[in-house]
Amino acid sequence: MGKKIKQIAIYGKGGIGKSTTTSNLSAALGEAGYRVMQFGCDPKSDSTNTLRGGTYIPTVLDTLREKTKVDAHEVVHEGFAGVYCVEAGGPAPGVGCAGRGIITAVQLFRQQRVFEELDLDIILYDVLGDVVCGGFAVPVREGIAQHVFTVSSSDFMSIYASNNLFKGISGYSKSGGALLGGVIANSINQDYSRRVVDDFVARTKTRVVEYVPRSVTVTQSELQGKTVIEAAPDSAQADVYRSLAKKIAAHEESAVPSPMDVTELREWAGEWGRRLLEIERRAGSGNAIGV
Ligand code: ADP
Ligand code: MG
């Protein structure tokens, strides 16, 4: 009988930086000696690319479609720093439910007791979270994950997706669903973006776990098919991901967030719109004086 495996789901809107953040987090945890699995749950199936030199791995669902009996080890591929990489895959576009795919993939691993056999410390699920579809709530709802984190920038659409996720977490919390660990603020380079995210977490009664800057080091590393931890281990960006990894490894207490309702969210956004205009106007007049 083994230790308890820490299972964490990372949500966020498409393109916000979930896979980039999760892969760097996995790499930093692997580097620190943890036994980690990254479980991609986005039908795009590219979650683990930068842990595997930019290559795609066969997905669980594709493999299950090809043969009736699958040994779970066939769909686990070791990546950088010993991180075990899995891609759940998705249904054929337009057919079926992505959530079912996640359940099927996780069941395969549970039945064959692969998580225990690999003696994992942490499993990170990388989940697309901007679709208003029950299927994607699976890791929260089915008790697959214990803690949920969301990746968000200060952009309204990404905050909107996070707020929707908070509604889901808050709803399922009554029936034993996963709770919220906090927000990983991504692409935060300016004071105002930080203030927008800070205000959002204050309003929804959660917190920011880490502020991750937008960095060309991430772009360069991605183009080499690598995480920043692998491609630029001495960079400041790598240290940001290491700091995030430490906090996630130490994280114990998650909570139920307080999502805003639609009207509140609109008003909140409108207020920030006015404040940003004011900031810009002041900066603009400052320049005019300077010229
Ligand atoms: P998601 O998994 O949420 O769909 P990705 O992780 O694939 O998003 O990121 C989308 C794009 O944004 C990628 O090209 C990635 O390199 C870039 N990106 C994400 N975070 C950062 C960052 N902090 N700095 C620079 N580029 C980033
Ligand atoms: Mg992704």
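Every value quoted in this text rests on a predicted model; they were computed, and no experiment measured them.

## Here's the deal with the layout of surface pockets
One number sums up the size of the largest pocket: a volume of about 920 Å³. Forming the boundary of the largest pocket are 46 residues, of which G15, I16, G17, N186 and R214 lie nearest the centre. Listing elements by their share of the lining of the largest pocket, those giving two or more residues are α1 (18-31), α7 (191-203), α8 (216-223), α10 (236-250) and α11 (262-290). A domain split of the lining of the largest pocket shows at least three residues from each of domain 1 (6-260) and domain 2 (261-291).

## A short note on the site of ligand 1
Around ligand 1 sit 16 residues, and of these G15, K18, S19, T20 and E222 come closest. One nitrogen or oxygen atom from the side chain of T20 is found 2.5 Å from an oxygen atom belonging to ligand 1. Contact between ligand 1 and N186: a nitrogen atom at 3.0 Å from a side-chain N or O atom of the residue. Relative to its free-state accessible area of 560 Å², ligand 1 is covered by the protein chains to the extent of 87%. In this structure, ligand 1 is accommodated by the largest pocket.

## Some details on the pattern of salt bridges
Under the defined criterion, the tally for this structure stands at 13 salt bridges. Residue E210 pairs with K247 through a salt bridge whose shortest N-O separation is 3.0 Å. Residue E210 is located in strand β8 (residues 208-212), and its partner K247 is located in helix α10; the two are separated by 37 residues in the primary sequence. R242 is paired through a salt bridge with D239; the nearest N and O atoms lie 2.8 Å apart. Of this pair, R242 and D239 both sit in helix α10, separated by three residues, roughly a single helical turn. Classification of R242 as partly exposed rests on a relative accessible area of 23%. Here the salt bridges share partners, and the residues they tie into one network are E31, D239 and R242.

Criteria and cut-off values
Residues numbered from 1 in each chain as written. Chains lettered and ligands numbered in written order. Predicted model: local features only at pLDDT ≥ 70, side-chain atom pairs only at ≥ 80, totals over all residues. Heavy atoms only, no water. 1 Å grid on protein atoms, 1.4 Å probe; cavity = no way out; pocket = protein on both sides within 12 Å on 5 of 7 lines; lining within 4 Å. Points joined across faces, edges and corners; volume = space filled by probe spheres on them. Helix = DSSP H or I, 4+ residues; strand = E, 2+ residues; numbered from the N terminus. Domains from an automatic or database assignment. Near = heavy atom within 4 Å. Polar contact = N/O pair within 3.5 Å; in protein donor to acceptor, adjacent residues only side chain to side chain. Areas by Shrake-Rupley, 256 points an atom, 1.4 Å probe, with all protein chains shown as cover. Sits in = over half its atoms within 2 Å of the grid points. Salt bridge = Lys/Arg side-chain N within 4 Å of Asp/Glu carboxyl O. Buried < 20%, exposed > 50% of the residue type's maximum accessible area, 1.4 Å probe, protein only.

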